[in-house]
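Residue strings, one per chain:
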Amino acid sequence: MKKLALLLIGFTFTLAAVAQEEGNPDDGKKVASLQLEDMEGNVVNTADLGFEGPVIISFWATWCSPCKRELNTIHEEYIDWQEETGVNLVAVSVDNEQTRGRVPVYVNGVGWDYLVLMDPNGDFKRAMGVNNVPHTFLLDKNGNVVYSHNNYASGDEEELYEHLLELTEGEKE
Amino acid sequence: MKKLTIVGLFALLSTGAMSQGNNGTITGNMESIFQYLNEDSVINANQPPEKGLLNSYINVFYTNGKFKAGIRMESYLPRIQGYPNRFSGTGLGMRYVGYENDFIDVTIGSFYEQFGSGLIFRAFEDRNLGYDTFLDGARVILRPRDGVKIKGVYGLMRFSFQDGQIVHAPAIVRGFDGEVNLNRAIPALKDKKLKVTLGGSFVSKFQEDDREDLVLPENVGSYSGRAKFRYKGFTLDGEYAIKEQDPSVDNEFNYNYGHAALFNAGYTRKGLGISVSAKSVDNMSYRSDRNAQLQDALINFLPPMNKIHTYNLVASLYPYATQPVGEMAFQGEILYTIPRGSKLGGKYGTTVNLNYSTAYGPNRNAVTQDMIDSNRVFYETGLFDMDDSLYWQDINVQISRKFNKKLKMKFSYFNIMLNNDVAKVAENAKGVLSTNIGVIEAGYKINRKHSLRAELQALFIADNKDGEINDQGNWVTAVLEYNVSPNWFFSVMDQYNYGNPVESRQVHYIYASAGYIYGATRITAGYGRQRAGLFCVGGVCRFVPASNGLTLSITHSF
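So, here's what we can say about the structure. (Residues numbered from 1 in each chain as written. Chains lettered and ligands numbered in written order. Predicted model: local features only at pLDDT ≥ 70, side-chain atom pairs only at ≥ 80, totals over all residues. Heavy atoms only, no water.)

## Examining the overall build of chain B
Within chain B one finds four helices and 32 strands. Radius of gyration (C-alpha) of chain B: 26 Å, near the 24 Å computed for a compact globule of 558 residues. Oriented by its inertia axes, the alpha-carbon framework of chain B measures out at about 70 × 60 × 55 Å. Per-residue burial for chain B yields a buried fraction of 53% across its 558 residues. Looking at chain B alone, contacts between residues at least 24 apart form 60% of all its contacts between residues at least 6 apart. Carbon and sulfur atoms make up 60% of the accessible area of chain B, which amounts to about 24,700 Å² in all. (Helix = DSSP H or I, 4+ residues; strand = E, 2+ residues; numbered from the N terminus. Rg over C-alpha atoms; globule rule 2.2 N^0.38 Å. Buried < 20%, exposed > 50% of the residue type's maximum accessible area, 1.4 Å probe, protein only. Contact = heavy atoms within 4.5 Å. Areas by Shrake-Rupley, 256 points an atom, 1.4 Å probe, with all protein chains shown as cover.)

## What about helix α2 (residues 65–85) of chain A?
Residue and element names in this part refer to chain A. The sharpest bend along α2 reaches about 60 degrees and sits at Glu-77. Within the sequence span of α2, burial applies to Ser-65, Cys-67, Lys-68, Glu-70, Leu-71, Thr-73, Ile-74, His-75, Tyr-78, Trp-81 and Thr-85. Following α2 by one or two positions, Gly-86 has its phi on the positive side, about 70 degrees. (Bend = angle between axes of the 7 residues up to and from the residue.)

## Some details on a negative patch on the surface
Taken together, A:Glu77, A:Asp80, A:Glu83 and A:Glu84 make up a surface patch of like negative charges. Secondary-structure assignment places A:Glu84 in helix α2. (Patch = residues over 30% accessible without salt bridge, like charges linked within 9 Å, V, L, I, M, F, W, Y side chains within 5 Å. Salt bridge = Lys/Arg side-chain N within 4 Å of Asp/Glu carboxyl O. Lys, Arg positive; Asp, Glu negative; His and termini not counted. Charge placed at Lys NZ, Arg CZ, Asp CG, Glu CD.)

## Here we look at the pattern of salt bridges
Side-chain pairs of opposite charge can arise whenever the charged atoms involved come near each other. For the structure shown, the criterion picks out 41 salt bridges over all chains. Among the salt bridges present, the one from B:Lys68 reaches B:Glu100, with a minimum N-O distance of 3.5 Å. Of this pair, B:Lys68 sits in strand β3 (residues 67–76) while B:Glu100 sits in strand β4 (residues 89–100), and the two are 32 residues apart along the sequence. Here B:Glu100 falls in the partly exposed class, since its relative accessible area comes to 23%. With a shortest N-O distance of 2.8 Å, B:Arg158 and B:Glu74 are connected by a salt bridge. With a gap of 84 residues between them, B:Arg158 in strand β11 (residues 148–162) and B:Glu74 in strand β3 connect regions that are remote in the sequence. Of the two residues, B:Arg158 and B:Glu74, neither departs from the other in class, the shared state being buried. Each of the salt bridges in this network shares a partner with another, and the network as a whole consists of A:Asp123, A:Arg126, B:Arg72, B:Glu74, B:Glu125, B:Arg127, B:Asp132 and B:Arg158.

## Some words on the state of the cysteines
All names here are of chain A. The full count for this structure, using the stated rule, is one disulfide over all chains. Cys-64 shares a disulfide with Cys-67; S-S distance 2.0 Å. Taking the torsion about the S-S bond as the criterion, the Cys-64 to Cys-67 disulfide, at about 80 degrees, is right-handed. Judged by relative accessible area, Cys-64 falls into the buried class, the value being 5%. (Disulfide = S-S within 2.5 Å.)

## Points about the pairing of strand β13 (residues 194–206) of chain B
All names here are of chain B. Here strand β12 (residues 165–181) runs beside β13; their pairing, made up of ten bridges, is antiparallel. Looking at the pairing, Arg-174 lines up with Ser-204 of β13. In terms of strand pairing, β13 meets strand β14 (residues 219–231) through 13 bridges, oriented antiparallel. Within the sheet, the bridge partner assigned to Leu-198 lies in β14 and is Ala-227. (Pairing = 2+ DSSP bridges.)

## Brief notes about helix α3 (residues 102–110) of chain A
Residue and element names in this part refer to chain A. Burial analysis of α3 places seven of its nine residues in the buried class, which makes it a mostly covered element. Those residues of α3 not exposed but buried are Arg-102, Val-103, Val-105, Tyr-106, Val-107, Gly-109 and Val-110. Gly-111 sits one or two residues past α3 and shows a positive phi near 85 degrees.

## Quick look at unusual backbone geometry
With an omega of 0 degrees, the peptide bond between A:Val133 and A:Pro134 qualifies as cis. When you line up the elements, A:Pro134 lands in the loop between α4 (123–127) and β6 (135–139). Geometrically, the link from B:Leu77 to B:Pro78 is a cis peptide bond, its omega value of -20 degrees lying close to zero. Topologically, B:Pro78 is positioned in the loop between β3 and β4. Phi at B:Ala297 takes a positive value of approximately 55 degrees, unusual for a residue other than glycine. With respect to the element layout, B:Ala297 can be found in the loop between β17 (272–282) and α3 (312–316). Residue class for B:Ala297 comes out buried when judged on its relative accessible area of 4%.

## Overview of the packing of aromatic side chains
Residues and elements named next belong to chain A. Scanning the entire structure with this criterion turns up 30 aromatic pairs over all chains. Consider the rings of Trp-81 and Tyr-161, whose centres lie 5.1 Å apart with planes at 25 degrees: the pair is stacked. Of this pair, Trp-81 sits in helix α2 while Tyr-161 sits in helix α5 (residues 156–172), and the two are 80 residues apart along the sequence. Owing to a relative accessible area of 2%, Trp-81 belongs among the buried residues under this scheme. For Tyr-161, a relative accessible area of 17% puts it in the buried group. (Phe/Tyr/Trp six-rings, centres within 6.5 Å; stacked < 30°, edge-to-face > 60°.)

## Topic: the interface of chain B and chain A
Each partner contributes residues to the interface: chain B has 84 residues there, and chain A has 66 residues. Across the chain B/chain A interface, buried area totals approximately 6,400 Å², and carbon plus sulfur atoms make up 54% of it. Across the chain B-chain A interface, the total number found is ten salt bridges. Among the ionic pairs, A:Glu158 bridges to B:Arg448, the shortest N-O distance being 3.2 Å. Of the residues forming the side of chain B that touches chain A, the biggest block, nine residues, is contributed by helix α1 (residues 2–19) of chain B. The class makeup of the residues in the side of chain B that touches chain A is 30 nonpolar, 31 polar and 23 charged. (Buried area = accessible area lost by both parts, 1.4 Å probe. Nonpolar A, V, L, I, M, F, W, Y, C, P; charged D, E, K, R; others polar.)

## Describing the environment of B:Gly98
Residues and elements named next belong to chain B. Note on placement: Gly-98 falls in strand β4. Linking Gly-98 and Ala-185, residues 87 residues apart in sequence, is a C-alpha distance of 27 Å. With residues up to four places along the chain from it excluded, the contact list for Gly-98 reads Lys-66, Phe-67, Lys-68, Val-106 and Thr-107.

## A closer look at the sheet that holds strand β3 (residues 55–60) of chain A
Residues and elements named next belong to chain A. On the basis of which strands lie adjacent, the open sheet formed by seven strands has the order β2-β1-β5-β4-β3-β6-β7 and mixed pairing. Both outer strands of the open sheet, β2 (43–45) and β7 (145–149), are each paired with one neighbouring strand and no more. Across the sheet, the axes of successive neighbouring strands diverge by a mean angle of 30 degrees, strand direction being ignored. Relative to β7, β6 is paired through four bridges, and the arrangement is antiparallel. Paired with Leu-139 across the bridge in β7 is Val-145. Along the sheet, α2 contacts β3, β4 (88–93) and β6; its crossing angle with β3, the most-contacted strand, is approximately 160 degrees. (Axes fitted to C-alpha atoms, helices over the stretch in contact; angles between N-to-C directions.)

## As for the environment of A:Val43
In this structure, A:Val43 sits in strand β2. Taking the C-alpha atoms as reference points, A:Val43 and A:Leu117, separated by 74 residues in sequence, lie 9.2 Å from one another. Each residue touching A:Val43, except ones within four places of it in the same chain, is listed here: A:Gln35, A:Leu36, A:Glu37 and B:Arg184.

Laid out in structure tokens, this is it:
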């Protein structure tokens with residue numbers, strides 16, 4: 001039993017190694033494909049968001065103050081970011097049934113222009129390997145993760161923006 | 001049997017990889033937390049005999065086209081403090097194999113799932129708290145046409161993890177759920193402004209009758225219906241659930257039916273959000289073991305109806321845990337942004353948030369002695385039939401404002417009343433604990449990479465009926481955080497119980513932490529004294545003992 005379990009794990013890791021060597025750029029992670037609802041109840045496939053350019057996926061919750069600081073800070077610059085890089089931000093709320101009703105109140109109350117998706121039972125969070133919120137991913141136009149960061153401190157948004165510029169300039173060449 | 005499962009997994013993984021002609025994708029995450037604890041007689045913190053404690057887990061998910069599989073290895077050597085005491089050893093804590101296309105999604109093994117708002121079924125995890133109630137069995141999700149989704153689940157719930165093995169709760173859980181989005185399912189309604197979604201679920205559990213003195217129902221069913229309406233900026237949704245006779249330790253083996261109802265209404269437009277909600281619950285603890293208590297083996301999720309607070313004195317001293325045996329609760333919230341450029345709003349705009357929540361006990365009308373003796377129906381009650389015993393009340397207001405490019409501030413006030421006789425959080429206090437809490441938070445950006453954040457919190461507790469200082473008296477907390485973006489943080493927190501009626505307990509709880517963040521990797525170290533109390537994350541709470549020592553943690557996502 002134990003040997004077999006070990007074998008399985010060994011096998012999985014071999015696969016992981018192979019996938020990373022030959023697969024996608026950077027850390028080889030692609031956005032997971034799941035069906036989530038937006039605040040209006042429309043079903044959205046996370047791997048087929050319908051955006052053309054790069055995408056930022058940011059996991060947050062109404063009870064997570066650093067998450068809100070991050071998204072509020074980006075909100076102030078969002079129009080410029082969009083004009084310069086064509087980026088779209090998807091804010092994935094991991095609020096469960098207790099605080100789910102507060103999501104549209106907060107999002108519209110502060111006036112965010114992001115696509116907001118609801119992940120009340122943490123399925124997308126689990127699939128993306130998120131331990132804690134905030135966790136922010138930068139995806140290229142093909143859905144490959146090119147940068148991710150599991151924290152927010154003032155100034156982190158500029159680091160993210162630099163990676164975003166690097167990505168869009170790289171794609172132009 | 002187990003061997004066969006693993007061989008099956010292995011074979012499937014291999015064929016999955018081969019038949020698709022590519023290597024698929026591996027994702028996952030890991031966490032390791034190490035604690036070294038000291039003896040601290042002032043706060044009654046004990047040093048475990050092992051001195052060092054270690055919790056670890058790693059999730060590995062594999063997807064290849066339509067095929068998916070995943071495992072989690074867990075290890076408790078031994079478990080860290082505050083974790084459920086039934087976790088030990090190292091082994092496979094979760095595993096599944098599945099296949100998904102546009103029409104069908106099948107999972108065999110461990111799976112998480114929620115029906116509607118979870119009133120009769122929610123299998124979920126919260127690793128911070130040691131919660132994990134996945135079902136081990138089979139799940140099928142069908143999407144026969146656009147806007148229609150049907151789910152079926154069948155399995156045994158994970159209850160604990162002992163000597164490196166999953167231990168299941170005794171009752172088998174079965175259920176199905178259907179949901180129709182009318183605007184998508186019926187083409188004629190596609191462009192209507194009124195959006196309607198309807199759904200219904202049925203769940204049943206089976207546990208053998210283990211009592212000789214009672215005839216216990218071995219199969220206990222529960223059913224629910226729900227609806228969601230949306231018209232422009234307005235929303236209205238609700239769910240109503242009924243549980244059949246379910247005698248258990250929780251309800252003193254009564255044969256009453258249980259109910260739970262949840263209603264939300266809201267209106268939002270840019271710059272303004274309003275919501276009101278109401279909940280009615282009686283006799284609705286639904287567990288995969290009738291003898292379980294506290295947060296154990298719960299099949300359903302009864303969401304607490306109060307805001308989750310994050311400031312230390314507000315969140316950890318007197319938090320409220322929902323009462324599954326019965327409560328009627330209400331919540332209202334307004335969030336408004338005073339526009340930028342206006343006299344009140346200032347250059348960047350100012351956000352004001354008002355929130356009110358309250359909970360009362362259900363009204364239980366007496367029944368005849370004959371009903372009690374022959375039917376074991378102990379009382380009668382109805383939807384929103386509440387009595388006047390206050391369980392909880394929370395009035396809070398927050399104002400956030402950015403003053404200039406460098407300075408942001410947030411001012412908060414909380415008035416909280418908690419009935420400690422019902423929702424016990426303080427060991428020695430009686431009656432309703434009434435507190436006023438004020439918090440000032442400031443964030444200051446020194447330059448692009450360096451920033452400071454500080455919090456000052458004060459809690460004032462009202463005297464008890466006899467005019468004595470209630471519970472532990474007044475507190476102040478100061479937090480200072482220094483960030484170097486994007487890699488470093490340093491923070492110090494001091495909670496000072498200056499108002500404790502026992503002089504030797506007027507102590508400082510100082511906790512310092514530092515962390516290094518590199519992309520998706522976080523390494524943190526913390527040292528100091530932490531208070532005993534209820535620890536709430538994501539709407540569920542558990543008691544943690546007082547501790548004094550070192551905590552190291554590493555998380556990584558891949």
